[in-house]
Amino acid sequence: MAMSNASKTLAIDPDLHTRLKALAEKSGLSADQFAAAVLETHAEEEEALQEEKFDEHQRWQRYLETGQTVPASKIRSKLRAYAADAAARLEM
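Residues numbered from 1 in each chain as written. Predicted model: local features only at pLDDT ≥ 70, side-chain atom pairs only at ≥ 80, totals over all residues. Heavy atoms only, no water.

S.K.: Sorry, what's going on with the overall build of the chain here?
M.R.: Each helix and strand counted, the chain has three helices and zero strands in total. Sequence-ordered secondary structure for the chain, helices as α and strands as β, is α-α-α. Along the three orthogonal principal directions, the C-alpha set of the chain runs to about 50 × 40 × 25 Å. For the chain, with 92 residues in total, the buried portion stands at 3%. (Helix = DSSP H or I, 4+ residues; strand = E, 2+ residues; numbered from the N terminus. Buried < 20%, exposed > 50% of the residue type's maximum accessible area, 1.4 Å probe, protein only.)

In structure tokens form, the structure reads like this:
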């Protein structure tokens, strides 16, 4: 995570500030560092969610235009491969 020295003011609820401060102390970070890390993580998650929504919309539009679907057997095969991969990682 790239940190900038730019200072910004963010108004937050006093209870949330207390929680953030306590978590920051437990993490060995300053409250500012901890808050920045939390915001960075949330922004990344939100960006991924927005991208997924866009991809879903594109897939739906493609289905409406073509009527093409993915066979259930292909989906099952893909899911089995994912499960096998996850199981192999757990064994490591």
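Having put the structure on the table, let's press on.
S.K.: Can you help me understand a nonpolar patch on the surface in this one?
M.R.: A cluster of nonpolar side chains, contributed by Leu 10, Ile 12, Leu 16 and Leu 39, occupies part of the molecular surface with about 350 Å² of accessible area. Here Leu 39 is to be found in helix α2 (residues 31-66). (Patch = residues over 30% accessible without salt bridge, like charges linked within 9 Å, V, L, I, M, F, W, Y side chains within 5 Å. Areas by Shrake-Rupley, 256 points an atom, 1.4 Å probe, with all protein chains shown as cover. Salt bridge = Lys/Arg side-chain N within 4 Å of Asp/Glu carboxyl O.)

S.K.: How do you make sense of helix α1 (residues 14-27) when you look at a structure like this?
M.R.: Side chains that are three or four residues apart share a direction in an α-helix, a result of its 3.6 residues per turn. Counted at 1.5 Å a residue, the expected span for α1 with its 14 residues is 20 Å, and the 20 Å between its end C-alpha atoms agrees. Capping the start of α1 is the job of one residue whose side-chain oxygen sits 2.9 Å from the backbone nitrogen of Asp 15: Asp 13. Remark: Gly 28 follows α1 within two positions and exhibits a positive phi of approximately 75 degrees. (Expected span 1.5 Å × (residues − 1). Polar contact = N/O pair within 3.5 Å; in protein donor to acceptor, adjacent residues only side chain to side chain.)

S.K.: What should I look at first to understand a negative patch on the surface in this one?
M.R.: A contiguous patch of negative charge, built from Glu 40, Glu 44, Glu 45, Glu 46 and Glu 47, is present on the exposed surface. Its location among the elements puts Glu 46 in helix α2. (Lys, Arg positive; Asp, Glu negative; His and termini not counted. Charge placed at Lys NZ, Arg CZ, Asp CG, Glu CD.)

S.K.: How should the environment of Ala 22 be read in this particular structure?
M.R.: As for its placement among the helices and strands, Ala 22 is situated in helix α1. Of the residues examined, Ala 22 reaches a relative accessible area of 36% and is grouped as partly exposed. When the C-alpha positions of Ala 22 and Ala 81 are compared, they lie 42 Å apart, and in sequence the two are 59 residues distant.

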